[in-house]
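So you can see what is in the structure, the chains are spelled out below.
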Amino acid sequence: MLPPSAGQCYQGVMNPSTIRIASYNLQKCVGLDLRRRPERSLTVIGQLGAQVVALQEADRRLAPRRAALPHEMAEAEGWQVVEFGQPGGSLGWHGNAMLLRNGPQVIETQHIELPGLEPRGAVRADLATDIGRLRVVGLHLGLVRRYRLLQVAAIIRALRRLDPCPTVLAGDFNDWGSGAALDATAQGVEFIATRPSFPTFRPVARLDRLAISPDLVALDAGVHLQRPARVASDHLPVWADLGTRRE
């Protein structure tokens, strides 16, 4: 696991540019007060200071799964909603969505089908950023350990079919354990060490995680605790400041 330490020495020359990536499970914008308040969720997202935010549970549960966080509200706050081609008013695909602000531009996108009893999927966006081309995969894995590992393996296989690119996996991995099994399965990326993010009222589990390829480094990382994050969802957002490593 990679420690989020800005003081660590790294081999190679660091690119001085950085980008902040965040991940947030919105719980369909329903807070611990049982009120659906997308404007409150947007307040939390805005506080993160991130250029790229991967979202989970961004759509309502039942078909046609319209966006719990409306497009127009996000756009009014200056966010670009990455289009993943899901019809019916969804913000993304399988509840996964991605928001951009302050620089990143979309090069291409992809759906990644995931195995399992529950309907699950991941989204991939290749972006032009200040640190160069960056591949971000937003995901929300299943509740059953066996299927979680199969889903991680499916994502890694999908990425290996593509040209190499600095890569970030960002999402709700739904893993309550030490993460050792995820580490062993997620070949080619390493998880950034962050504090527990779930549940918000007393975080004990590191369900929400970020993992990066070896050509990226985590200069800083954390869990967002500022109000109203502790009420807006049952998950706290996680974030990392990333740079590239040049040999």
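Scroll up for the structure.
Our focus in this paragraph is the overall build of the protein chain. Helix and strand content of the protein chain: five helices and 13 strands. Within the protein chain, the fraction of its 247 residues that count as buried is 54%. A fraction of 70% describes how many contacts in the protein chain between residues 6 or more apart in sequence connect residues 24 or more apart. With the model as given, the accessible surface of the protein chain reaches about 10800 Å², and the carbon-plus-sulfur share is 51%.

For soluble globular proteins, the rule of thumb is that nonpolar side chains tend to be buried together. Core analysis: the biggest nonpolar cluster contains 52 residues, and Ile45, Val53, Leu55, Leu69, Leu99, Val168 and Leu242 have the highest contact counts within it. Not counting residues up to four positions away in its chain, the partners in contact with leucine 69 are Leu26, Cys29, Pro38, Leu42, Ile45, Leu55, Ala58, Leu91 and Leu99. Counting residues in each nonpolar core, the second largest holds 20 residues, with Val137, Leu141, Ile156 and Leu159 among its members.

Because side chains alternate across strand S5 (residues 97-100), one face comprises the buried residues Ala97 and Leu99, and the other comprises Met98 and Leu100, equally buried. Here strand S3 (residues 52-56) runs beside S5; their pairing, made up of four bridges, is antiparallel. In the strand pairing of S5, alanine 54 is matched with methionine 98.

Read across the open sheet, the six strands follow the order S6-S7-S8-S9-S11-S10; overall the sheet is mixed. In this open sheet, the two strands that pair with only one neighbour each are strand S6 (105-113) and strand S10 (190-191). The pairing of strand S9 (residues 167-172) with strand S11 (residues 208-212) spans five bridges and is classified as antiparallel. By the bridge assignment for S11, aspartate 172 is matched with aspartate 208.

Turning to helix H1 (residues 38-47), its buried residues number three or more, namely Pro38, Arg40, Ser41, Leu42, Val44 and Ile45. Those residues of H1 that are buried are in contact with strand S2 (19-25), S3, helix H2 (71-76), S5 and helix H5 (229-232). Downstream of H1 by a residue or two, glycine 49 has a phi angle that is positive, lying close to 65 degrees.

Turning next to the layout of surface pockets. The calculated volume of the second largest pocket comes to roughly 220 Å³. In this structure, the second largest pocket is lined by 15 residues; those nearest its centre are Leu159, Arg160, Cys165, Thr167 and Gly188. By residue number, the principal contributor to the lining of the second largest pocket is helix H3 (residues 145-160), which donates three residues. A per-class count over the lining of the second largest pocket returns seven nonpolar, four polar and four charged.

How each quantity is defined
Residues numbered from 1 in each chain as written. Predicted model: local features only at pLDDT ≥ 70, side-chain atom pairs only at ≥ 80, totals over all residues. Heavy atoms only, no water. Helix = DSSP H or I, 4+ residues; strand = E, 2+ residues; numbered from the N terminus. Buried < 20%, exposed > 50% of the residue type's maximum accessible area, 1.4 Å probe, protein only. Contact = heavy atoms within 4.5 Å. Areas by Shrake-Rupley, 256 points an atom, 1.4 Å probe, with all protein chains shown as cover. Core = buried A, V, L, I, M, F, W, Y, C linked by side-chain atoms within 4.5 Å. Pairing = 2+ DSSP bridges. 1 Å grid on protein atoms, 1.4 Å probe; cavity = no way out; pocket = protein on both sides within 12 Å on 5 of 7 lines; lining within 4 Å. Points joined across faces, edges and corners; volume = space filled by probe spheres on them. Nonpolar A, V, L, I, M, F, W, Y, C, P; charged D, E, K, R; others polar.

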